[in-house]
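A look at the structure
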Amino acid sequence: MTDLSALPPVGARTEIPILRERGQREVFCGLTGIVWLHRKMQDAFFLVVGSRTCAHLIQSAAGVMIFAEPRFGTAILTDRDLAGMADANDELDRICVTLLERRPDIRTLFLVGSCPSEVIKLDLAKAAERLNARLLPRVRVLNYSGSGIETTFTQGEDNALRAMVPLMAPTDEKQLLVVGCLADVVEDQFRRCFEALGIGPVHFFPPRRAADPPPVGRNTAVLAAQPFNGETIRALAARGATMLSAPYPFGAEGTTAWLAAAADEWEVPADRFAAVTAPMIDRARKALVRHRSHLAGKRVFFLPDSQLEIPLARFLHREMGMEPVEIGTPYLDRQMVAAELPLLPVTTTLSEGQHVDRQLDRLRAAAPDLTVCGLGLANPLEAEGLATKWSIELVFTPIHGYEQAGDLAEIFARPAERRARLRV
Amino acid sequence: MQLTLWTYEGPPHVGAMRVAASMRDVHYVLHAPQGDTYADLLFTMIDRSDRRPPVTYTTFQARDLGGDTAGLVTRTVVEAYERHRPQALLVGESCTAELIQDQPGALALGMHLPVPVIPLELPAYTKKENWGAAETFYQIARSLLAGRVPPPGSARGERVAGRRPRANVLGPTALGFRCRDDVVEVRRLLEELGIDVHVVAPMGASPDDIRRLPEADFNIDLYPETAHTTAAWLQRSFGMPCTKTVPMGLGATREFIAEVAHLAGVDPQPVLGRERPGVARLDASQARMQWYARSVDSTYLTGKRVFVFGDATHAIAAARIATEEMGFTVVGLGTYGREFARDVRAAAAHYGVEPLIADDYLEVEQAISAAAPELVLGTQMERHIAKRLGIACAVISAPIHVQDVPARYSPVYGFEGANVLFDTWVHPLVMGLEEHLLQMFRDDFEFADDAPASHLPRAGGSAPAPTDQEPAVVPDALPWTSEGEQELRKIPFFVRGKARRNTEAFARERGLREITVETLYDAKAHFGR
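Along each chain, numbering runs from 1 in the same order as the chain's sequence is written. Both sets of labels track the order of writing: A upward for chains, 1 upward for ligands. In view of the model being predicted, local features appear only for residues whose pLDDT reaches at least 70, and side-chain atom pairs are presented and counted only at 80 or more, with totals across whole chains, interfaces and linings using the full set of residues. With hydrogens and water set aside, each side-chain value is computed from the structure's full complement of heavy atoms.

1. Side note on the pattern of salt bridges
All names here are of chain A.
- Whenever a carboxyl oxygen of Asp or Glu lies within 4 Å of a side-chain nitrogen of Lys or Arg, that contact is scored as a salt bridge. Under the defined criterion, the tally for this structure stands at 59 salt bridges over all chains.
- The shortest N-O distance in the salt bridge between Arg 209 and Asp 43 comes to 3.9 Å. Here Arg 209, found in the loop between strand 7 (202–205) and strand 8 (220–224), pairs with Asp 43, found in the loop between helix 1 (34–40) and strand 2 (44–50); they are 166 residues apart in sequence, far enough to count as distant.
- With relative accessibility at 39%, the residue Arg 209 sits in the partly exposed group.
- Across the pair Glu 253 and Arg 318 runs a salt bridge whose closest N-O atoms are separated by 2.9 Å. Of this pair, Glu 253 sits in helix 10 (residues 251–265) while Arg 318 sits in helix 12 (residues 309–318), and the two are 65 residues apart along the sequence. Judged on exposure class, the residue Glu 253 and its partner Arg 318 are both buried. A run of H or I in DSSP becomes a helix once it reaches four residues, and a run of E becomes a strand once it reaches two; helices and strands are each numbered from the N terminus. For the exposure calls, accessible area comes from a 1.4 Å probe over protein chains only, and a residue counts as buried if that area is under 20% of its type's maximum, exposed if over 50%, partly exposed in between.

As structure tokens, this is what we get:
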């Protein structure tokens, strides 16, 4: 139902050879997700049970300390806890109770496991159970792992959401459930879109209040807004929900295909779909075309970071005319990118995991026009003459949907534009 | 277990990274899980380093734990050595690896690499970043100088006649506060005195440079937080004397010059002779700040209440500068570093304030809020506190953020450092003449007296406007009559909080039940200012 004739033909790439690597990973751990999850669910507190390293990581990844008392913190294990002089469980309970006394506005407390808490086998599920017996109904305590030994960067969100699935009320009503943290402004845009298409009721997960999770059941259709929530979606499937397979809503094409998946499920007539989406597609294309001259024909290299690499490379390739040289992804969840892989060019190398030094060797040999990488690598690569884009901006900035398509392209065009301006 | 929202220092292995990243030809293999590579961005983003820190991480995962994490260490050590060919290899672990007890340092030592392997044992659950930096520097010096330590009791050889005296400059590291420029400033001072800088370490030093440390005549302990352990060991083992003065501030710079001249056996007069302390003339010092502090515009700085917090070295120096060189009043002094807490306690006693030894951010915020200063001299953490409380702030110590690594030359040590500090501390305050105008026009209906200094933006538009309300609620606050409250509003905002607090304390002491205009002025007369 979308006019895709202007776009490159779909590659016959169903079985892609994967370059699997092991070695040093220049990727955050799952704790980092707290940075955006606590903004989304403002009645929740995220308490990492870990070390000073965990606290330092979140503080450094968050960049700025906007809040005096942020809705996240770290219960730092000390040698007393490790030596068994203090009962770690008693200590944890004490900290949680003190914390909740300070913050009576908190309704949900997430205990977040870390590398050290998992290595010493501190049972946070038991801790949550114990605290719930004491604190419910005023506060509910949940737990999940954000540890680096178990999770990469955005998997933290997946684990947090999966921990909330058991709290979702059962329903048999036919409904759409959009899964994956989105900026409120983007959620509102999508909500209006679905309403205009006659699709509903629509729920977003995570909810804006952790205490009000949406219901789920056998007539729930799940549409993934982020490619990294595979475990959550499988948990929802176990509750009877069905996943709609679609590319992710990046760019005009991606957003249209994504909406179309829901429209098909709701049997929205083609003319109604076209009438609703045409003005938005038009607007998005106008916004995109401005940046195309900076990007078309250029070669892009993605280092693994947020799992967004595959859908974003697809967007840059199909809508901005870029050539992805290598697409690195921390791990490949085929189910979550089933609709994306066939849209990638056959010439691209797809790599899973990381051995950062070997990958940088390939990067230098390929000498791409743009490298998408983490903050630890960006300046050193710039100093080697490579133009870079920090990948974390793609996680912290609203980039989904028609109205953000131009912003998304601009993020990738900015390094080239900046280079063109500078005369120093 | 300790609840932490924001932390002043990272874990000790980040201190080790600061040392490794400052040096040349060393590499650090860190046994650590995924995620710990976040520390790289501290160097590449905050310090704007144009190279990756020389660190290779083993990145072990949960599935490795039952298997061969030790094998992962040895494979990583081999790969890192082959790829980077360092002159010395540091091997250590982060907090999680400490728990699985693979002993990466011992493993690497057993591999008989053709370069020195320096194992680092940095207890992550008891120690922090600065300690880790100091310990790493010490372990590097000890390992590389092993076998060169003279037997105890050996006399130190006399300096060859005719050779200029030599000093090592110890302590500057990446992510330290203004280390890059302080070193330049100190080098200039030493050169003027006829003293050669032999080795600067860790910043810019190679393992061979570390081996040359004992060839110098004495050491300059420029940053005790990172250098003191090493300097003390060099003193014990090689009989190398060491400076005690940190040249931050004009007075301290002069004392530093006298001290190094004495240690080097040179005449300080060529440099100190140009200094005339106490003289109000532009040419009375090599630092302009002496005249600036004495010029009449600076009168308004008199008695400004400042709260000082940082690492011990910078906090103690800042308190002295604030008192003796700016004419401020120190109303709070503290440090997050327990290693030098005793020195900070002594300094606090000297200024008659309660020392604040804390790494709990909320405790620091509470102390600042209660002291109601007009200026906060702190770390980038206090910048956030001050912004929220609507108080002027200048950063004087690590931890730093990207704006504390300016492009321009901006040392805080030496004569130029004294100038830089004068400018950076005065800038956030309401300017001298402007303060008079505020007083003159405060009743003008078009004049909003809670406006911040006109030359400052409203901090991104999101910061709260300065307010006279104490964020901490006073439990037994006394009621004000409406006339009293109105009169209070006429007092300029930057002293209003203090006036409110003093008046309420005054009223409480006298058992008054409400506060009137009379009480306000009685209290004003009582406290005076």
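2. Regarding the pairing of strand 10 (residues 329–335) of chain B
Residues and elements named next belong to chain B.
- Burial analysis of strand 10 places five of its seven residues in the buried class, the great majority of the element.
- Alignment of strand 9 (residues 305–310) against strand 10, held across six bridges, turns out to be parallel. Bridge pairing links Phe 307 to Gly 332 in strand 10.
- Between the parallel elements strand 9 and strand 10, the chain passes through helix 14 (residues 312–325) in a crossover that is right-handed. Only when DSSP finds a minimum of two bridges between them are two strands counted as paired. Viewed with both strands pointing away, a crossover whose connecting path from the first strand over the helix to the second turns clockwise is right-handed.

3. Observations regarding the interface of chain B and chain A
- Note on contacts: a residue pair is in contact if any heavy atoms of the two residues lie within 4.5 Å. Facing the 58 residues of chain B at the interface are 66 residues of chain A.
- Accessible area, probed at 1.4 Å, shrinks when two parts are joined; the buried area is that loss added up over both. Both faces considered, chain B and chain A share a buried interface measuring about 5,400 Å² in area, 60% of it formed by carbon and sulfur atoms.
- At the boundary of chain B and chain A, one finds four salt bridges.
- A salt bridge links A:Arg22 to B:Asp64, with the nearest nitrogen and oxygen atoms 3.0 Å apart.
- A 3.5 Å cut-off defines polar contacts: any pair of N or O atoms within that distance qualifies, except that in protein one atom must be a possible hydrogen donor and the other a possible acceptor, and neighbouring residues in sequence count only when both atoms are side-chain atoms. The interface formed by chain B and chain A contains 22 residue pairs in polar contact (both at pLDDT 80 or more).
- In terms of residues, the side of chain B that touches chain A owes the most to one element, helix 2 (residues 39–46) of chain B, which gives five residues.

4. A short note on the sheet that holds strand 6 (residues 175–179) of chain A
Residue and element names in this part refer to chain A.
- Strand order across the open sheet formed by four strands is 7-6-8-9, with parallel pairing between neighbours. Every other strand in the sheet has two partners, leaving strand 7 and strand 9 (242–244) as the edge strands with one partner each. Each strand of the sheet is rotated relative to its neighbour by a mean of 30 degrees, with strand direction disregarded.
- One ladder, built from five bridges, connects strand 6 with strand 8; its direction is parallel. If you follow Val 178 over to strand 8, its bridge partner there is Leu 223.
- A fitted line through C-alpha atoms serves as each axis, taken over the contacting stretch for helices, and the angle formed by two N-to-C directions is quoted from 0 to 180°. Each of strand 6, strand 7, strand 8 and strand 9 is contacted by helix 9 (residues 230–238), which is oriented at about 155 degrees to strand 6, the strand it contacts most.
- Each of strand 6, strand 8 and strand 9 touches helix 10; the most contacted strand, strand 8, lies at about 170 degrees to it.

5. Re the packing of aromatic side chains
- Aromatic rings from Phe, Tyr and Trp, taking only the six-membered ring of Trp, are treated as a pair when their centres fall within 6.5 Å; an angle between ring planes under 30 degrees marks them as stacked, one over 60 as edge-to-face, and anything in between as tilted. One pass over the full model with this rule turns up 16 aromatic pairs over all chains.
- Residues B:Trp233 and B:Phe238 carry aromatic rings whose centres are separated by 5.7 Å and whose planes lie at 80 degrees to one another, so their mutual orientation is edge-to-face.
- The buried category is assigned to B:Trp233, whose relative accessible area is 7%.
- When its relative accessible area of 8% is taken as the criterion, B:Phe238 is described as buried.
- Ring pairs connect the aromatic residues A:Phe28, A:Trp36, A:Phe153 and A:Phe396, which therefore count as one cluster.
- Charge-over-ring placement is defined geometrically: NZ (Lys) or CZ (Arg) within 6 Å of the ring centre, and within 35 degrees of the ring normal. A cation over an aromatic ring shows up here: A:Lys174 above the ring of A:Trp266, its NZ or CZ 4.2 Å from the ring centre.
- Over the aromatic face of A:Trp390 sits the side chain of A:Lys389, whose NZ or CZ is 5.2 Å from the ring centroid.

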